[in-house]
Structure formats: C-alpha cells, structure tokens
2 protein chains.
Amino acid sequence: MVQPLFKVRTIEESLKIFRQSFDFTPFFKNRAEQIELIHAFGRVLAEDIVSAENIPGFNRSTMDGYAVKASDTFGASDSLPAYLDLVGEIRMSEKPSCQLQAGQAVRISTGGMLPEGADSVVMLEYTEYLSPTMVEISRSVATWENVLREDEDIRKNTKVLEKGRYLRPQDVGLLAALGWEKIKVFKKPVVAIISTGDEIISIDNKPEPGQVRDINTYTLGAAVKQAGCIPYYAGIIKDNEEMLKNELQKCLENPELDLVLISGGSSVGTRDYTLEVLDYLGLPGVLVHGLALKPGKPTIISLNKQKLFIGLPGHPVSAMMVFDNVVRKIIFDLKGEIFRFGQKNTIDALLESNVFSDAGREEYIRVMLKNKNGQLWAIPVLGKSGMISSLATADGYVTIKLNQEGLYQGEKVSVTLFA
Amino acid sequence: MVQPLFKVRTIEESLKIFRQSFDFTPFFKNRAEQIELIHAFGRVLAEDIVSAENIPGFNRSTMDGYAVKASDTFGASDSLPAYLDLVGEIRMSEKPSCQLQAGQAVRISTGGMLPEGADSVVMLEYTEYLSPTMVEISRSVATWENVLREDEDIRKNTKVLEKGRYLRPQDVGLLAALGWEKIKVFKKPVVAIISTGDEIISIDNKPEPGQVRDINTYTLGAAVKQAGCIPYYAGIIKDNEEMLKNELQKCLENPELDLVLISGGSSVGTRDYTLEVLDYLGLPGVLVHGLALKPGKPTIISLNKQKLFIGLPGHPVSAMMVFDNVVRKIIFDLKGEIFRFGQKNTIDALLESNVFSDAGREEYIRVMLKNKNGQLWAIPVLGKSGMISSLATADGYVTIKLNQEGLYQGEKVSVTLFA
C-alpha cells in the first residue's frame, strides 16, 4: 500500500512552484501559428501589433452637414446667420477635388472626406439650403468640430495590441481596420483527459451495481473547450499500474499534448498508483501532492521532462472544482494569455444562510441564485460532494478563503458563475 | 431622398414588437438536431431530459472505511470501542456477494457498493484493524452516514434538465451519468452579415483617401460566434438600391439563413435605401425604425415573410453596441435558450468621473477598469463614437438608463464586460 506524504499546498504556492519549475521559453518557441483574421476571435495574439497607417487616414466627417472653415462661422446664430457659397457635394468614398476657399461650403455626409482647406463640419440641422449656390449657417463651430482627424483613431507606428491579448470582437475589428488579413496567434493547448478506475465504464454501457459511467471525460472535455483548448480523449484506464504507466508514457512521448489530466486514483488508498507512476516518468517529477482546498485535496501536479501532468480527484464535482480553480490558471499560462477582466464571470449576491469551513483551506460552496424583491440571493446547494446533480443545479459557487472560518447569512458574496 | 418617419422605440418595446410579430412555432418545428454528447458543450437542449435510472443506482460509500450496521456502533467511543467481525473486503466495481449480519463489518473504499444488510460506513480514521477477522470501531455512525443512497443523486423519472437549457460542462456530465450518448439540441442560428457603403473596401486593400476597410464583417462575425451562432459572410454591397435589393432577396430565399444583419445605410441620408428595400421585401415589413439608445439610434428591425432582417448603424462602435444590447437578445430567442445567470458578464466598479445623457434614451459609456488601492474603478474612455480604438481600449461599458440623466463620480456602477 502506498503511503505518500501529503504536504498540503495552497493554490498560490502550487502555482508558484509550477511557474518556477516549468520552462516557458522553449515551450513558447514554436507555438505561434498564422491564421486568417476571420478565424481570430477567441485566440491569443503571439505578436505585438504596431499600426502601419493612420486611421482613418483622412479627415472624416462624423455628421451629415456642410464642410466649412470654422472661422467663417464665428458669431453665426439664428438671428445673425452666416451665408456661404455652396460649391459642391462630396460623394462618399471619393477624394474631393476641390480646395475650399474662405466663404465657401460643401455638402458632406457622415464618413465623408473633408476637402483641403476645410477644418470643421456644421450639422445639417443648423443650416438651410437656400439655393444651389448658397447655404445659410445659424450656429458657429470650433476648429475640427464634427471631424475625426486623420490620425485621431489610430496613429501610425503605435503599439495597438499586445502579445498575449485575448482577441475580442472589437480587437478583431481593430486588426481589420489596419488591414491585418493574417495574424500570428498561439496554438491552442491540447489537453489529454484520462479517466481511471475499475468501476468506470463508458457511457454507452448500462452500469452493473458498483459501476458508474465515465462522467469526467465529458465534464473535463467541456471545461477544456470552455477554456479555449482542444481536448484529446485518451479514454478509461483500469486500476492497474502497468496500464497507467503505459498510457502516461505514451502521453509523455506525444509531442501534440501540452497537458495531461488524470482523474481518479489520487486519493490515499489501494488504488494509488498515479503518484508512483508520475514519479517514475521523468524529472523533476511530482511538484505538488495535496491542495488546501475542499473539494479537491488529493490533487497532484507533476512535471516530467517538461510535460505537465495533473492528477485530479475521481469525483466529478471535486475534479470540476479543481479544474476551475487550479487547472484553468495553469492553462492561461500555457495559452500565453495575459490578464483581462472577464476571464472569470462573477456576480455579487447576498448569502441566504451561514456556511462554515476549517481555516487553512479554501472551500467552495455551490449556490443557486434567486431574485427576491429585487435583490439577488445566493442559496447554498445541499447534497453530498459526489453528487453530479448538485453541480448541475448550481449557478456557481462561493469561495470561503483560506483564512476565513465561514460566511454569514446576509453577507455580500462574490459568486463565481459556471457559465 | 428618403424621409422616413423616425418613431423611436425603447429596446423593451422593440423586443416586444418582434416577439409579437415573429411566429416561433413554425420556426422551431424542424430546428432540433441529434448530436453526440461529446459535442454538446455550449449547445441548447431541444428536449426535456427525464432520468431513466436511479443514480448512483446502488448504495455507495463516500469514504474509505468499514461498511457496518449503524446499530452495531451505537455508543462506541475511544474509551468504549465496539468490536466487529471482519468478514471481507469489497472490491471496487464489484457487487458484494455477502449479506452483512449483525456484528459484522466489511472493508470498503470510497465509491464502493455497500453489501446487503449494511446501512452506513465508519471512516477509516475511527477504526483499528486488529486482525484479519476483527476490527475496532471507536465512533458511532448514524444510519446512512457516509453513504450516497441509490437514488440520492438522481431519482428515476425525474426531469433533470429542461428544454432550452444551455449546456455547461457539468450539465454534459449529468447527461453522461445518465447514459445519454446522443441528445437533441437546437440548430445554431445562421446569421448573414452584409456591410454596405461605397466607401467600404475589403481588408486586403489599401484605402484611398475617403475609403475605410470593412470592419463590421469582422466585429459582427466574431460577435455572432461569441453568441453561439454561425456567421455567413455575405460581403460588401455598394450604395445601390438594385444591388442591395438583389442581395436581400437572395438572403430572403436562402432557407439556411435565420437572421440577416445589414450594417450601414440606416441613417437618414442620401444612402438610405435599406428601409425602402426592406419594406418592399414582403410582409409585415419594417417593425421598428429608430431605437432610443446611443450610440445606435438608426437601427431597423424588419420581418419579411417570417425572415428577420436587422439594419445596424455603419459605425463599428455603434453596430457593436446595438448587437450587444438588441441583436444578442433576439439571438437568444432564435437559439431557444432560456435565461441563465452568466449569459452576460458584468462586474461592479466605482465610476471615476461624472457622465451625462439625455433622458429618454439608453446611453452606453465605454469604460476601462483599473484597480486602485484594492478598489475597482470604471474610467470612461474618451473618443468620438466612430473610433474603433476606443472600443478596443475599453474593458466594457456602463449603461445610463432611459430615465437617468447621468451617473456620478464615486457611484457604484455595473460594468458589462466585452469578454
């Protein structure tokens, strides 16, 4: 029987140990791939983007109206309008051929290019078209009023997006504005998922008493996609040291895999081969065994020949919570993604009843959210930790931090949402 | 020149008009498709899921220890332990053959199946293995303590997930637990994107003065993906009524398309063919023209022969904000998705400076988020509305509601995050 030394670590400590042990430079050496901009949403930039042009690149009207010299409008009002010579109309998308002289105006639409000599636009509603050659102006404008100047949106040679940026719709739009048809992004990490346990059967089977269907392949596979990675389904491995060793050896040697998740087999018990196999696979070996969190204590982080293996608890609920709070953070590192607000979706609510925890570990309390009298309440979901239904019922979870003993009824809490 | 009657509607009113005019029953008639569970993440259920089995389906131990009859442990303590006959060990995944008698115990692991006659599990740490035939118990257990009963997680014939449910990782896990290899989900809506304007050029071209690259195809395409739909890139159409009519007619007749977005051409100006074309396409025609929001006022919602067309402003920033606040809500309807917390990602912050609006419309103020002294601040992003860079700089936006005139420095605001 294996009797490993549980040296329980906090999440912070564990991530620090991982970051100190993992060699990021060679990992990121060949991770850039070029893709077409139309596929860029949700990817992570592998290069800084420096603008090669001014945007809009010309002085552009932001209103429908008349392009003028601002000085010709000074003092103009309803009672004392200015009268300007109307010398034409600027068609969209065309470079105006005229040069605007003092005392002149040209008709312009939103998005149109100002002619040389014009420095502002008077909105249509403050003008009156008197004849094909004259327009009345009843409001003065300041220089560059209602105009987007040629370099006002983006100035040439400016770093507009940073390497490591997660590309949102508008970031893709910015790249389109600058004409980046193709961009370099980091490859999506490929994450292998292995379920272990003699009792685990594939979901197309009917369980005999004592058996359970393979839930973790599905929850973890979906969570891997949600985190922007590609799942690699390695299947179910029986509680057999040789078979596990063979499978992990194959994963170690497969250059396509960036991270290997093994669920089950990590609690102190007769089935605990995972730890031994991971220590055998290559240096430096097991970095962390045991996390100060609940559920999720029997977690293993192992680095073997610079390939990362994470042993997760077998219970689907525990495996999911460790994924959300530990694996996801490691995945952000492997994606090369820099921080952004919105990486995690949270919402504030009032806690409906007291929840308690032992100090010295983080504990996750699943909650449902309910609106009552215009106030959002977080209601702890009852149910033993092995219950997948409790996770499906929950909208999210509340975290009792390391040094807290509990959270109290009526307290404002931050709920981490599952979706 | 077209002079349409702008009858400005609130978002609420517009959605109500859309929902009253759109015929959902035929739309959803053939929208279910069967997919494999492994691809179910992020999809929307097209059927209620009723459990056909009890889960776990057997009385399962939630601890490593000894399965016993609780009554045999009553009164047991460190000073007065109970001694039970050890009659074997339950192997994982196997149905125990023994029938537990009074005064007996069997060794069991987490996840193991309790034998007939056992009704509780004593944790390993409260026991001592004395000999192959005897175990000492130093703590009493209640009936069903440390046991997940056969129908405690999921009871047979219970509705566990509802039609319209967005499938999160744990929901996929629940379906795996129940053995649903294949499920019925709604087809992803296909959304056509058309950019209009003589000044718009494809992004592989270098703009001449007066021209701009086609940003909206990229921002809207990404936003459509983010909303869980499939973009259909219809390309750029010049400011030409015949060409626009032909393109929209093709979209109308294409049964693959569920929604058509047309950006540009919706402001009151010389280019305003969109409204005329949409009224010509078929009944009931234009439902809404003009929304009480900023940016985004010149928006058109049109229903033609039960196909939905939405005319968005040409400015990328305006188009994005209307997408986020109007189109996304319509898309949820077309996806058949019922409400869930987390459909929209928000975060609370304090506002760094005053912002003002006219009453009677909703206004969106783009903000950056910054942590200062442990407090999150929302800092309004300056810049004219046509600037794509202002949208890329922003982490999200603050909404000044219809009946508000402004928000004040230091006020707590809810920031809608872009990602």
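Structural data are supplied above this passage.
Below or above, wherever it landed, is the structure these notes cover.

Definitions and cut-offs
Residues numbered from 1 in each chain as written. Chains lettered and ligands numbered in written order. Predicted model: local features only at pLDDT ≥ 70, side-chain atom pairs only at ≥ 80, totals over all residues. Heavy atoms only, no water. Contact = heavy atoms within 4.5 Å. Buried area = accessible area lost by both parts, 1.4 Å probe. Salt bridge = Lys/Arg side-chain N within 4 Å of Asp/Glu carboxyl O. Polar contact = N/O pair within 3.5 Å; in protein donor to acceptor, adjacent residues only side chain to side chain. Helix = DSSP H or I, 4+ residues; strand = E, 2+ residues; numbered from the N terminus. Nonpolar A, V, L, I, M, F, W, Y, C, P; charged D, E, K, R; others polar. Buried < 20%, exposed > 50% of the residue type's maximum accessible area, 1.4 Å probe, protein only. Patch = residues over 30% accessible without salt bridge, like charges linked within 9 Å, V, L, I, M, F, W, Y side chains within 5 Å. Areas by Shrake-Rupley, 256 points an atom, 1.4 Å probe, with all protein chains shown as cover. Pairing = 2+ DSSP bridges. Axes fitted to C-alpha atoms, helices over the stretch in contact; angles between N-to-C directions. Least-squares fit on C-alpha atoms with pLDDT ≥ 70 in both. Expected span 1.5 Å × (residues − 1).

### Considering the interface of chain A and chain B
In this assembly, 85 residues from chain A lie in contact with 86 residues from chain B. Summed over both sides, the interface of chain A with chain B buries roughly 7300 Å², with 61% coming from carbon and sulfur. In terms of surface lost to chain B, no three residues of chain A exceed Ile38(A), Gln170(A) and Phe341(A), which account for 10% of the buried area on that side. Along the contact surface separating chain A from chain B lie four salt bridges. Note that Glu53(A) is salt-bridged to Lys206(B), the shortest N-O span being 3.7 Å. Here chain A is connected to chain B by 20 residue pairs in polar contact (both at pLDDT 80 or more). Elements supplying a minimum of two residues to the side of chain A that touches chain B: strand S10 (147-148), helix H3 (169-177), strand S15 (212-213), helix H4 (216-226), strand S22 (346-351), strand S24 (362-372), helix H8 (388-393) and strand S28 (412-417) of chain A. The element that contributes the greatest number of residues to the side of chain A that touches chain B is H3(A), accounting for eight residues. Within the side of chain A that touches chain B, the residues separate by chemical class into 40 nonpolar, 20 polar and 25 charged.

### What to know about the side chain of Ser389(B)
Tracing the sequence through the fold places Ser389(B) in helix H8 (residues 388-393). Residue classification places Ser389(B) among the buried residues on the basis of a relative accessible area of 14%. Once residues within four sequence positions are removed from consideration, Ser389(B) is found in contact with Asp153(A), Ile154(A) and Leu174(A).

### Concerning a nonpolar patch on the surface
All names here are of chain A. A surface patch of nonpolar side chains, amounting to about 270 Å² of accessible area, comprises Tyr83, Leu130 and Met134. The topology assignment puts Leu130 in strand S8 (residues 127-131). Residue classification places Leu130 among the partly exposed residues on the basis of a relative accessible area of 41%.

### A few points about the sheet that holds strand S6 (residues 104-108) of chain B
Residues and elements named next belong to chain B. A sheet is described by the order of its strands in space; here six strands give the open sequence S7-S4-S6-S5-S9-S8, paired in mixed fashion. If you trace the sheet from one side to the other, it starts and ends with strand S7 (120-123) and strand S8 (127-131), each paired once. Across the sheet, the mean angle from the axis of one strand to that of its neighbour is 40°, orientation sign disregarded. With four bridges joining them, strand S4 (residues 65-68) and S7 adopt antiparallel strand pairing. Pairing of Val68 across the sheet is with Ser120, part of S7.

### Thoughts on the environment of Leu161(A)
Residues and elements named next belong to chain A. Tracing the sequence through the fold places Leu161 in strand S11 (residues 159-161). Look at Leu161 and you get buried, because its relative accessible area is 1%. In this structure, the C-alpha to C-alpha distance between Leu161 and Glu47, residues 114 residues apart in sequence, is 8.6 Å.

### A few points about the pairing of strand S20 (residues 300-304) of chain A
Residues and elements named next belong to chain A. Counted residue by residue, S20 has five buried out of five residues, so it is predominantly covered. Neither face of S20 is left uncovered, since the one carrying Ile300, Ser302 and Asn304 and the one carrying Ile301 and Leu303 both have all their residues buried. Here five bridges tie strand S18 (residues 284-289) to S20, and the two strands are oriented antiparallel to one another. Bridging from a neighbouring strand, Gly285 pairs with Leu303 of S20.

### Focus: the relation of the copies chain A and chain B
Each copy superposes on the other: chain A lies on chain B with an RMSD of 0.1 Å after a rotation of 180° and an axial shift of 0.0 Å. The operation mapping one copy onto its partner corresponds to a two-fold rotation axis. Relative to the rotation axis, the closest C-alpha in chain A is found at Asn345(A), a distance of 2.9 Å. When the interface residues of chain A are mapped onto chain B, 100% of them again fall at the interface, so both copies present the same face.

### Structural notes on helix H5 (residues 241-253) of chain B
Residue and element names in this part refer to chain B. Its 13 residues place the ends of H5 18 Å apart at the C-alpha level, agreeing with the 18 Å of an ideal helix rising 1.5 Å per residue. Of the surrounding elements, those touching the buried residues of H5 are strand S13 (190-196), strand S16 (230-237), strand S17 (259-263), helix H6 (274-280), strand S20 (300-304) and strand S21 (307-312). A side-chain oxygen of the first residue of H5 lies 2.9 Å from the backbone nitrogen of Glu242; this N-cap is Asn240.

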